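Here is how the chains run, residue by residue.
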Amino acid sequence: MGWLSKVFEFHPAGLNWPRAVAFLDAGLVPLFVFWAIGHEVYLLSALFGLLFAALSDPGGGYGHRALSVAVFALVGAGVTALAFEIGADAWGWMVLAAFVVTLAAGLAVAFGVHRFINAMLLNVWFVVAIGYEFGIHKAVHVTSYIWAQVLAWSGGAALWIAVTFLWWLIRGRTDQNQPFSELPGDNSRRKLTPPLILFAVIRAVVIAGTVALAFGLDLPHGSWIPIAAMVAMKPSLEQAALISTQRLVGTLIGAVVAGLLLLVPTSEHGLRLFAVERGLEVVALVLLMHGAGIRFWNYSFYSAAIAAGALILVDLPQPSDYAAEGYRLLWTLCGVGCSLIVLLLAGLLAKRTGKARPQPT
């Protein structure tokens, strides 16, 4: 019970509902745009472009902020194009790309903690995007174009730049703090130590392995394996054991919630199915909104909200039935198990590193 109390401990001061409502207001724009034009398949890219652009916002003067988010959006557009280009190709290319992207994201810590966080966001988006494209390819009734997915991602990021510009004008053109002030803003260079490099390689191998397992074996709803592994995996060697446990627990909770919600359209057809799918898109947006507001209220529920929202949007184009829910939860457990392997290896690595350091006299 003492362990559970720490995992689910609440911090009321960590609630930030104004930020959550701001994200919801901005997220409603792409939601209704894609509803109006009848291309909901691009909603995932737009929402993640919006959310991750907000997370990457460094704050400060508006010119600096706009340039920084624009560079992030440009790199993200390239990651989006790569993910949707290879998402339906031979699984070997997906494994290679997942390894390279994850390794590059892990080594980005050399350019500062803030850039490292941005790289990890793009790493998460890459894994989500290849799983989404693989599912779209399986769903014969859904059509997706790479250029449109890139445009949707870029549009979501541009929407955040526009929102911050309006808020900058309303506040009298004054500098603003970082929207997500809890995230590190340090851009000072760091030395790549052997433990950091080794941990980055381990993460890259595990993510590439989960991608190979999911898509190489052509598992039904197998994209949940790498997505669950990426969400549950801690991004750095120094992260506390409590945060790692909260990530794992939150991912499992989010997968169960997403699985239950995806059961709703199981027996629906025609207009009712259309209405239920649109309703689930709204639910996913609300879950992402809660993720933006409860980041420091409780990390377990934050991870659950992000995981549930992403998994709903990823698997919404694929038909759902009771067997599918069993597969989804099973693959989530497999993905979390892979993350546990990384945590154990990281723990052993940290112990060996600690023993190797000379003790102070």
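The sections below set out a description of the structure shown in this document. (Residues numbered from 1 in each chain as written. Predicted model: local features only at pLDDT ≥ 70, side-chain atom pairs only at ≥ 80, totals over all residues. Heavy atoms only, no water.)

**Description of the packing of aromatic side chains**
In step 1: Per the stated rule, a full pass over the model turns up 19 aromatic pairs.
In step 2: Between Phe-84 and Tyr-132, the ring centres sit 6.4 Å apart and the planes meet at 85°, which makes this aromatic pair edge-to-face. Taken together, the residues Phe-84 in helix α4 (residues 62-86) and Tyr-132 in helix α6 (residues 113-138) connect sequence positions 48 residues apart. With respect to class, Phe-84 is no different from Tyr-132; both count as buried.
In step 3: Three or more aromatic residues link up through ring pairs in this structure, and these residues are Phe-48, Phe-52, Phe-72, Phe-84, Trp-125, Tyr-132 and Trp-153.
In step 4: The lysine or arginine in question, Arg-278, covers the ring of Phe-274, its NZ or CZ lying 4.7 Å from the ring centre. (Phe/Tyr/Trp six-rings, centres within 6.5 Å; stacked < 30°, edge-to-face > 60°. Helix = DSSP H or I, 4+ residues; strand = E, 2+ residues; numbered from the N terminus. Buried < 20%, exposed > 50% of the residue type's maximum accessible area, 1.4 Å probe, protein only. Lys NZ or Arg CZ within 6 Å of the ring centre and 35° of its normal.)

**Concerning the nonpolar core**
In step 1: Counting 99 residues, the largest nonpolar core has Phe-52, Trp-125 and Phe-126 as the members making the most contacts within it.
In step 2: Once residues lying within four places of it in the same chain are set aside, the contact partners of Phe-126 are Val-79, Leu-82, Ala-83, Ile-86, Ala-97, Ala-98 and Val-101.
In step 3: If you look at the next biggest cluster of nonpolar residues, it comprises nine residues, including Ala-108, Ile-117, Ala-119 and Met-120. (Core = buried A, V, L, I, M, F, W, Y, C linked by side-chain atoms within 4.5 Å. Contact = heavy atoms within 4.5 Å.)

**A few points about helix α8 (residues 194-216)**
In step 1: In this model α8 runs 31 Å from its N-terminal to its C-terminal C-alpha over 23 residues, within 8% of the 33 Å that 1.5 Å per residue would give.
In step 2: Downstream of α8 by one or two residues, Asp-218 has phi in the positive range, about 50°. (Expected span 1.5 Å × (residues − 1).)

**Comments concerning the layout of surface pockets**
In step 1: Considered as a void within the structure, the second largest pocket measures approximately 560 Å³ in volume.
In step 2: Along its surface, the second largest pocket is lined by 21 residues, and Ala-22, Trp-160, Trp-167, Gln-176 and Pro-179 are the ones closest to its centre.
In step 3: Among the secondary structure elements, those contributing two or more residues to the lining of the second largest pocket are α2 (17-37), α3 (43-56) and α7 (146-170).
In step 4: At six residues, α2 tops the list of elements feeding residues into the lining of the second largest pocket. (1 Å grid on protein atoms, 1.4 Å probe; cavity = no way out; pocket = protein on both sides within 12 Å on 5 of 7 lines; lining within 4 Å. Points joined across faces, edges and corners; volume = space filled by probe spheres on them.)

**Points about the environment of Tyr-132**
In step 1: Among the residues examined, Tyr-132 registers a relative accessible area of 3% and is labelled buried.
In step 2: Those residues in contact with Tyr-132 that sit more than four places away from it in its chain are Glu-40, Val-41, Leu-44, Phe-84, Gln-149, Leu-313, Val-314 and Pro-317.

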